[in-house]
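Geometric and topological summary
Letter by letter, the chains look like this.
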Amino acid sequence: MPYVMVQIPRTSAPPSPAPHSVPTSADVARLAGVSRATVSYVLNNTSAVRISEPTRRRVHEAAEELGYVPHAAARSLRAGHSRMVLMPAPDVPVGPLYSSFFNELQWALSRLEYTVVQYGGLGLQGDEAARAWAELRPVAVLVPGGGLGPRGVSVLKRSGARAVVTLGPERVEGAHALLMDHHEVGRSVGAHLLARGHRRVGVLVPEDPGLELFSRPRLEGVRQALAGTDATVTELPLAYDEKAAADLAGRWRALGLDAVFAYNDEFAMLLMRALQDEGIGIPDETAVVGADDLMLGRLLRPRLSTVRIRLPSGRELAELVDRAVREPGAAPEVHEVLGAEVVHRESS
């Protein structure tokens, strides 16, 4: 078979589009007909200098037209610190109550002109995590849960963090502390069930090891409330799974329990459904109490008794962060912030 050689003409590649130059504050100033200082005052919301509303409007319109965004790093150099507040993502499942709290906190910090960054460093714990957080040079760090030690606090402060705030059961040297003692949640449930005449109390303990920070103190709180009485406490490990709940409900009558504190409303709803499927009457055979006071608990039949947990407002915590940033040399503040109150409904 004959071969034919074909020469492919050499063509030049199409030219790449010219990169757009990054707009600067000088460009904004020229377009708005003002000085660069005025641009800085307007876009940084500086209140110490009075600027007329028409001028502010011209600057904002020019910045929008050019696509100009202030440089956060440059702003930090001028201020001597960043405006970044780092919030490490919790390494345990958090329910709607805590999600709502963190959302309110982020909103309140943004109103104080902080930038909130959530850090998702899976696998990092304690002081090792603190070194990773420090690389980002935040002005403040809010640490949920436990694990951070004095050494980690020191690393963060040496890297420029003016405020380290922990949210957990214990205070850490050098850090501001919002103490959340979940023993009180268990004590309030134990006292409620005892007053209602229940003497054989089960306490669900989630099998997720990350939740031990909350579940173990709640279990111990129930034990404290029932200590010295004729009531007994039975620990009930449970995975958040329909089959696990059905298996527990299948042997419920053999356990001989007349009440259960189900850790929180979500576990309570999971167990209630399984108990009702087994024909176990609530509260006639078994009283059920949850925690967190979720709206879904009020929609159940019977309506779910629960513990209403009072957390600090996001605004109060944001003000603490701002105060600590402005006064980094002040002594660490310690606040006990978790309150617990049983809301009695039909399930108990």
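Before going into details, it helps to say that this report is about the structure given with it. Please read all numbers here as calculations on a predicted model, not as lab measurements.

Quick look at the pairing of strand 3 (residues 140-144) now. Burial analysis of strand 3 places four of its five residues in the buried class, which makes it a mostly covered element. Here strand 1 (residues 84-88) runs beside strand 3; their pairing, made up of two bridges, is parallel. Bridging from a neighbouring strand, V85 pairs with A140 of strand 3. Taken together, strand 3, helix 7 (residues 150-158) and strand 4 (residues 163-168) constitute a β-α-β crossover, and its handedness is right-handed.

Turning our attention to the packing of helix 5 (residues 96-111) against helix 14 (residues 314-326). As a packed pair, helix 5 and helix 14 sit with axes 8 Å apart at the nearest point and diverge in direction by 50°. The angle between helix 5 and helix 14 falls in the class oblique. You can see that helix 5 and helix 14 cross each other, and the crossing is right-handed. Contact residues: F101, E104, L105, A108 and L109 in helix 5; G314, R315, L317, A318 and V321 in helix 14.

As a further point, take the pattern of salt bridges. As enumerated under the stated definition, the model contains 18 salt bridges in all. Across the pair D27 and R30 runs a salt bridge, and its minimum N-O distance is 2.4 Å. Within this pair, D27 and its partner R30 are both found in helix 1 (residues 25-32), separated by three residues, close to a single helical turn. By relative accessible area, D27 is classed as partly exposed at 24%. Given a relative accessible area of 62%, R30 falls into the exposed group.

Take the sheet that holds strand 11 (residues 334-336) next. Here we have six strands laid out as an open sheet, ordered 2-1-3-4-5-11, and parallel in their pairing. The open sheet has two edge strands with one neighbour each: strand 2 (115-119) and strand 11. Adjacent strand axes in the sheet meet at a mean angle of 15°, parallel and antiparallel pairs treated alike. Contacts from helix 5 reach strand 1, strand 2, strand 3 and strand 4 within the one sheet, and its direction differs from that of strand 1 by about 170°.

This part is about the sheet that holds strand 8 (residues 259-261). Taken together, the four strands give an open sheet; going across it, the order is 7-6-8-9, and neighbouring strands pair in parallel fashion. Of all strands in the sheet, those with a lone pairing partner are strand 7 (232-238) and strand 9 (287-289), marking the two edges. Between one strand and the next, the sheet's axes are offset by a mean angle of 20°, whatever the strand orientation. Here strand 8 runs beside strand 9; their pairing, made up of three bridges, is parallel. Residue V260 lies in a different strand from strand 9, and its bridge partner there is V288.

Residues M295, L296 and L299 make up a contiguous nonpolar surface patch of about 330 Å² in total accessible area. In this structure, L296 sits in helix 13 (residues 295-299).

Right, let's talk about the packing of aromatic side chains for a bit. The final tally for this structure, using the stated rule, is three aromatic pairs. Ring geometry for F101 versus F102: centroids 5.3 Å apart, planes at 50°, classification tilted. Residue class for F101 comes out buried when judged on its relative accessible area of 4%. A residue is classified by how much of its surface remains accessible, and F102, at 13% relative accessible area, is buried. Through pairs of rings, three or more aromatic residues link up here, namely Y240, Y263 and F267. One residue, R83, lies across the ring of Y114, its end atom 3.9 Å from the ring centre. R218 extends its terminal NZ or CZ atom over the ring of Y263, reaching a point 4.9 Å from the ring centre.

For D265, the position within the fold is in helix 12 (residues 265-277). One buried charge, D265, has no salt-bridge partner; the nearest side chain with opposite charge is R345, at 6.1 Å. Among the polar contacts made by the side chain of D265, one reaches the main-chain amide nitrogen of L294 at a distance of 2.7 Å. When residues no more than four places from it in sequence are discounted, the contact partners of D265 are G290, A291, D292, D293, L294, L304 and T306.

On to helix 5, then. The terminal C-alpha atoms of helix 5, which comprises 16 residues, lie 23 Å apart, in line with the 22 Å expected from a rise of 1.5 Å per residue. Once helix 5 finishes, E113 follows within two positions and takes phi at roughly 70°, a positive value.

In this model helix 8 (residues 183-195) runs 18 Å from its N-terminal to its C-terminal C-alpha over 13 residues, within 8% of the 18 Å that 1.5 Å per residue would give. Every buried residue of helix 8 is accounted for by V185, G186, S188, V189, G190, H192 and L193. Here the buried face of helix 8 lies against strand 6 (200-206), helix 9 (212-226), strand 8, strand 9, strand 10 (306-310) and strand 12 (339-343). After helix 8 finishes, the residue G197 shows a positive phi value of roughly 90°.

Now for the environment of G33. Secondary-structure assignment places G33 in the loop between helix 1 and helix 2 (36-43). The exposure class assigned to G33 is exposed, which follows from its relative accessible area of 62%. Measuring from C-alpha to C-alpha, the distance between G33 and R58 comes to 8.4 Å, with 25 residues separating the pair along the chain.

Criteria and thresholds
Residues numbered from 1 in each chain as written. Predicted model: local features only at pLDDT ≥ 70, side-chain atom pairs only at ≥ 80, totals over all residues. Heavy atoms only, no water. Buried < 20%, exposed > 50% of the residue type's maximum accessible area, 1.4 Å probe, protein only. Helix = DSSP H or I, 4+ residues; strand = E, 2+ residues; numbered from the N terminus. Pairing = 2+ DSSP bridges. Right-handed = clockwise from strand over helix to strand, strands pointing away. Axes fitted to C-alpha atoms, helices over the stretch in contact; angles between N-to-C directions. Parallel < 35°, antiparallel > 145°, perpendicular 65-115°, else oblique. Left-handed = near helix turned anticlockwise from the far one by under 90°. Contact = heavy atoms within 4.5 Å. Salt bridge = Lys/Arg side-chain N within 4 Å of Asp/Glu carboxyl O. Patch = residues over 30% accessible without salt bridge, like charges linked within 9 Å, V, L, I, M, F, W, Y side chains within 5 Å. Areas by Shrake-Rupley, 256 points an atom, 1.4 Å probe, with all protein chains shown as cover. Phe/Tyr/Trp six-rings, centres within 6.5 Å; stacked < 30°, edge-to-face > 60°. Lys NZ or Arg CZ within 6 Å of the ring centre and 35° of its normal. Lys, Arg positive; Asp, Glu negative; His and termini not counted. Polar contact = N/O pair within 3.5 Å; in protein donor to acceptor, adjacent residues only side chain to side chain. Expected span 1.5 Å × (residues − 1).

Purely geometric numbers; function is a separate question.
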